[in-house]
Amino acid sequence: MLSSQVVIAVSLIYVGLLYTIAWWGDKRARAGRSWVRNPTVYTLSIAVYCTSWTFYGAVGSAARNGLEYLTIYLGPTVIFLGWWFLLRKMLRISKAHRITSIADFISSRYGKSTQLSVLVTFIAVIGTTPYIALQLKAVATSYTVLTVWGSSVSEPFVSTSHIFADSGFWAATGLALFGILFGTRFIDADEHHEGMVAAIAFESLVKLFALLAVGIFVCFFMFSGLGDLFKQASQTPRMAGLLTLQPDSGTRWFTLMALSMAAILTLPRQFQVIVVENVDERHLATASWAFPAYLLLMNLFVLPIALAGMGLLPDWADPDFFVLSVPLSQGQSFLALAAYVGGLSASTSMVIVAAIALSTMVCNDLVIPALLRLKWLRLTERDDLTGLLLFIRRASIVLVVFMGYIYYRSAGAGDALAEIGLISFAATAQFIPIMVGGLFWKGGTKTGALTGLAAGFAIWAYTLLLPSFADSGWIDPKLITDGAFGHPWLRPEALFGLDNFAPLTHALIWSMALNAGLFIVISLFTNQGGLERIQATLFVDAFSRKGGETVIWRSSATIDDLYELVERFLGRERAYHAFRDYGTSHHTAWRGKGEANADMIAFSERLLAGSIGAASARVMVSSVAKGEMVSLDEVLEILEETSHVIEHSQRLEQKSRELERAAAELRAANDRLKELDRLKDEFLTMVSHEFRTPLTSIRSFSEILVDTPELEAERSERFLNVIVRESERLTRLIDDHLDLARLEAGHSDWHPSEIDPKAVLRETIDALEGLFNSRNAKLRVDIGGDSVNLFVDRDRLTQVFINLLSNAAKFANPEQPEIYVRGATHQDGYLVSISDNGAGIAKEEATLIFDKFSRGGKYPDNKPRPSGSGLGLAISKHVVEHCRGRIWVDSKPGQGATFHMFIPVRRHSANSSL
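The following refers to the structure shown.

Reading guide: rules and limits
- Residues numbered from 1 in each chain as written.
- Predicted model: local features only at pLDDT ≥ 70, side-chain atom pairs only at ≥ 80, totals over all residues.
- Heavy atoms only, no water.
- Bend = angle between axes of the 7 residues up to and from the residue.
- Helix = DSSP H or I, 4+ residues; strand = E, 2+ residues; numbered from the N terminus.
- Buried < 20%, exposed > 50% of the residue type's maximum accessible area, 1.4 Å probe, protein only.
- Axes fitted to C-alpha atoms, helices over the stretch in contact; angles between N-to-C directions.
- Left-handed = near helix turned anticlockwise from the far one by under 90°.
- Contact = heavy atoms within 4.5 Å.
- Pairing = 2+ DSSP bridges.
- Core = buried A, V, L, I, M, F, W, Y, C linked by side-chain atoms within 4.5 Å.
- Salt bridge = Lys/Arg side-chain N within 4 Å of Asp/Glu carboxyl O.
- Patch = residues over 30% accessible without salt bridge, like charges linked within 9 Å, V, L, I, M, F, W, Y side chains within 5 Å.
- Areas by Shrake-Rupley, 256 points an atom, 1.4 Å probe, with all protein chains shown as cover.

**Regarding helix α3 (residues 52–65)**
Residues lying three or four places apart along an α-helix face the same way, a consequence of the helix completing one turn every 3.6 residues.
Here comes step 1: A bend of about 35° at A58 is the largest found in α3.
Here comes step 2: Burial analysis of α3 places 12 of its 14 residues in the buried class, the great majority of the element.
Here comes step 3: Looking only at α3, the buried set comprises S52, W53, T54, F55, Y56, G57, A58, V59, G60, S61, A62 and A63.

In C-alpha cells:
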C-alpha cells in the first residue's frame, strides 16, 4: 500500500510533465521547428485507442473470458493492414474540404446537412459519455487500489463518498483544464494541436513500457518464464479453460471484432488523431504496420498477468486491476506505482482527445447553428465572434468531461470496464453504414442517412443503454424483464422474440440491420438535392477529382464583405494572413469593394468550415453571397475541364522530360563529334607528318643521287639503303591505314584455325628478340603451364601480339627498359598480359588509346611520347573483339602500363568466320 500523499504527488508531477511537453510542442510548432510532424509520432498518437480499457480492462476481460480480449485489437489490425485505402480516402477528402470532425465529414457528404451533423454530434456525445466514465472510473479505482490495498480493495466507494473526496472528480477537473489549455488554443479547428499530439504520443510510450514492465516481472521474476506460468495455470481447471477457445464463442468473437473495426473509424477521438491531426498523408503508410505492432506489444503480457492474478490473489480482488494488485501483493510498490502512471496515461489521453473532438462538434454542429438561427441575437452583425467561439468550445469540454463523471457516479461504477466500453463502441458503430456507404455509393441520400442513423441509434439506446440504466436502478427493472407496455416482444434484450443471442450481439443485429436497411431503401426512393449530388460525386471520386478546388458559387459578393465575414469568426490577424496569402498566390486583389469571384467565395467558405463546420459555413457565406449555386451539370463540367487540364499538364510535363532527355543525348553526341573532329585533325596532322618525313628523306637522297653522279659508291649505297628503309616505313604506314579501313568495313579476310596461343606468343617473342636487344630491354617471360586451343586467325593474333610487344619496347623506360610477358590458360579462354616500366598512361587517356585517331595523348609527366601511327592498338582492338575477346589496360602514373587481352574458347563450326 502507498500513502495517498505519494500517489497524489506523483499524479500531479506526471500531469505537470504532460503540460510541459504540450507547451514545448506548441512552442516549437510556432517557431516552425516542429518535431511531431513525423510518422512515428503520428502512429503513437493513434495509440490513444488503447485506453484504460486496454491497460486495466483487457486483463480483467482475459480473467473472465480468456482469449476473447484479443478481438478488440484484431479489428483495428485488420483495418490498418487490409483496409488502409479506406483511411487514405478519408484523409484525402478531409484535407480537401477542411473537415474538422466526424460530424462534419458525414454532413459534408450528404449536402452539408445541418440536421445530419446535429444528429451525429448528439449520438457521438451520448455514445462517448460511458467511455469517458470508464476512464474516470479507472483513475478513481486505481487510486483506491494503490492506497488501500490490504484492507479493502475492489471499489472506490463512490456512492457514499463526498464529491470533493472523490478522486474521479479531481481527475475530471484536471483533464478538463488540460483540454481547455491545449485544445482550444486556436479558433480554427482545422489547425493542428501539435502540443497535444506530442503529449499523447508520450503517454502512449509510458503506458506501453509500464504494461511491459509488469508483464516481465510476472513472467520472469514471479515465475520461471511463460512456460512455467502456463504450465501451472493449466493444472487449475478454472484457469485452464481460459487458454482455449469456447465452442460457442464464434458469435461473440464476430460481434466484438465487428465493433472494434467500426470503432477505429468512427470514435470521435480516433477520427481526430487519424484524420484531423494528420499532417502528411504518407505517414499513413508507416502507421499501417506500426500501429498493429504497437497493439501486439500492448497485449503481449495481458493473459500472463490475468493468470498470475487469478492464481495468487483472493477472490475479492477485482480482475480489472490485477495490473496493480499483483505487484502490490509481491511487495513491489514502486512497480505498482509505475503501473498506476501507465494507467493514468491511458485514461488521460483518451479523455483529453475525446473532449477536444466532441467540443468541436458541439460548438460547430449544435451551438453555432442554433445561435445563428436566433435572429434577435444579431450575431451576424457583431464584429468579432472569436471570443464567443472559444467560450463555447471550452464550456463544451467541461460539459463533455463532467457528463462522463455524472455517468460514472450514477450508473458506471458497478460495471466492468470492458462492458462500459462496448456500449460506446456499439453507439458510434451506427455511423458505419452512412459513412462507408457514402464513400462508395453516390446514390445515398440525406433522407436515407438521417432515417437509418436515427433508427439505429434508437435501437441502440433501447437495447443497450436502457438496460445499463436499469442495472444502476435509474429505471424500473421490469422494463427489461417484461418489455415496454408489458409486451414481451418489446423486451430490450429480446426484441421481437429474438432471445438466442447475448445482449450485445442482439443489440448490434437489430440496430445495424435497421440502420443499413433504411439507409439503402429510403435512398433508393428519394431524390438528392443539387449540393448532395455534387458532394456525393466529390466524395466517391475523391482520388480522381480535385474536390478541394471545386468552385460551386455564382454570386455578387464583394471582397470586403467576405473578408469581414471571415474576420468575425477567425479573428483579425488570421483573416488578414489568410486573405493576403490567397491574393498573393492567385495574383488577385484581396481587399476592396470589387466583386469576388467564385473561387474566392469557395475559399472563404473553406476557411469558415474550419472554425464553425461545413453546414454553418455554407449558411454564413450564403448570407453575403447573393447569388445561386452553380448547377450540378456545370460543376461536373468544371470538374471534367479541370481533369482535362490536369491531364494535359501531365502530358506536357512528360513531353518536357522527354525533350530534356533528347537534348541531353544531343549534347553528348555533339560533344562526341567535337572530340572526334579534334582527333581527326590531330590524326591528319600526324599522318601528314608521318608521310612527309619518309617522303622528305626519299626525295632528298634521291635528288642527291641524281644531282651527284660522281658520288662515291659507298655513300651512294648508304643513301639507297635509307631510301629503301623509308619506302618500307611508308608502305607499312599505308598498309596499316588500309588494314584498319578493311577491318572497320568488315572486308578483311579471316582464316581461322585451331591454334595454340601459347606457341604463337612464343614465336612472336622470338621474332622480336632483335628489337628487344636493340633497345637493351630486360625481358621476362612467364607463359609456362597448360595451354588451350583457340579457333582464330593465326596471322591476326600474331599481329596483335606484335603490336603489344613492340609498344612495350617502345614505351618502356629508355634508361633501363623492362618488359614482362605473362600468358595463362583459363577455363574458358587464354589471357595474355604484357607490362612495361615506362611512364604509364594518364587516367583520362586509358579509354581513348584504343580509338583509331588517338595516340595516347599526354603522359602523366607531360613528356613527349615516342612516334607512331597510333593505329596499332585500334587494329588490335578490332581483332580481339572480332574474336569475341576483350582488351584493356591497367596503368598508374610513373609505374608503367599493363595491357591485357583475353580471347575465349570457341569451337569450330561450319559457318564460323574466325
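Past the structure itself, the notes keep going.
**Some thoughts on the packing of helix α9 (residues 194–222) against helix α17 (residues 333–373)**
The relative placement of two packed helices is expressed as an angle between their axes plus a distance between the axes.
Here comes step 1: Where α9 contacts α17, the axes come no closer than 8 Å and their chain directions differ by 150°. Seen along the crossing, α9 lies across α17 with a hand that is left-handed. Facing α9, whose interface residues are M196, I200, E203, V206, K207, A210, A213, V214 and F217, α17 presents L335, A338, A339, V341, G342, S345, A346, T348, S349, I352, V353 and I356.

**Section: the sheet that holds strand β7 (residues 829–836)**
Here comes step 1: Sheet architecture is open: five strands sit in the order β4-β6-β7-β9-β8, paired in mixed fashion. Whereas interior strands pair on both sides, the edge strands pair on one side only; in this sheet they are β4 (778–782) and β8 (886–891). Neighbour to neighbour, the strand axes of the sheet diverge by 15° on average, direction disregarded.
Here comes step 2: Two strands pair when backbone bridges link them, and strand β6 (residues 818–826) and β7 are joined in this way by eight bridges, in the antiparallel orientation.

**Describing the nonpolar core**
Within soluble globular proteins, side chains that are nonpolar generally end up buried alongside one another.
Here comes step 1: Residues F80, M90, F105, I106 and V218 are the most contacted members of the largest nonpolar core, which totals 169 residues.
Here comes step 2: If one sorts the elements of this core by residue count, α17 sits on top with 18 residues.
Here comes step 3: If we ignore the near neighbours within four places in the chain, the residues touching F105 are M90, I93, S94, I99, F271, M435, L439 and F539.
Here comes step 4: Listed in part, the 42 residues of the second largest apolar core include V800, V821, I841 and V880.

**Digging into the pattern of salt bridges**
Here comes step 1: Using the criterion set out here, one finds 12 salt bridges in the structure.
Here comes step 2: One salt bridge in this structure joins R252 and E68, with 3.1 Å as the shortest N-O distance. Linking R252 in helix α12 (residues 250–266) with E68 in the loop between α3 and α4 (71–82), this pair joins segments that are 184 residues apart in sequence. In terms of burial, R252 and E68 fall into one category: buried.
Here comes step 3: E281 is the salt-bridge partner of R88, the closest N and O atoms lying 3.2 Å from each other. Pair noted here: R88 is in helix α5 (residues 84–97) and E281 is in the loop between α13 (268–276) and α14 (283–298), with a separation of 193 residues, a long-range link.
Here comes step 4: When its relative accessible area of 29% is taken as the criterion, R88 is described as partly exposed.

**Some details on a nonpolar patch on the surface**
Here comes step 1: A cluster of nonpolar side chains, V78, W83, W84, F85 and F440, forms an exposed patch at the surface whose accessible area comes to about 480 Å².
Here comes step 2: Here F85 is to be found in helix α5.

**Remarks on the side chain of T129**
Here comes step 1: Among the structural elements, T129 can be located in helix α7 (residues 114–148).
Here comes step 2: Residues within four places of T129 in sequence aside, it is in contact with M403, G404 and Y407.

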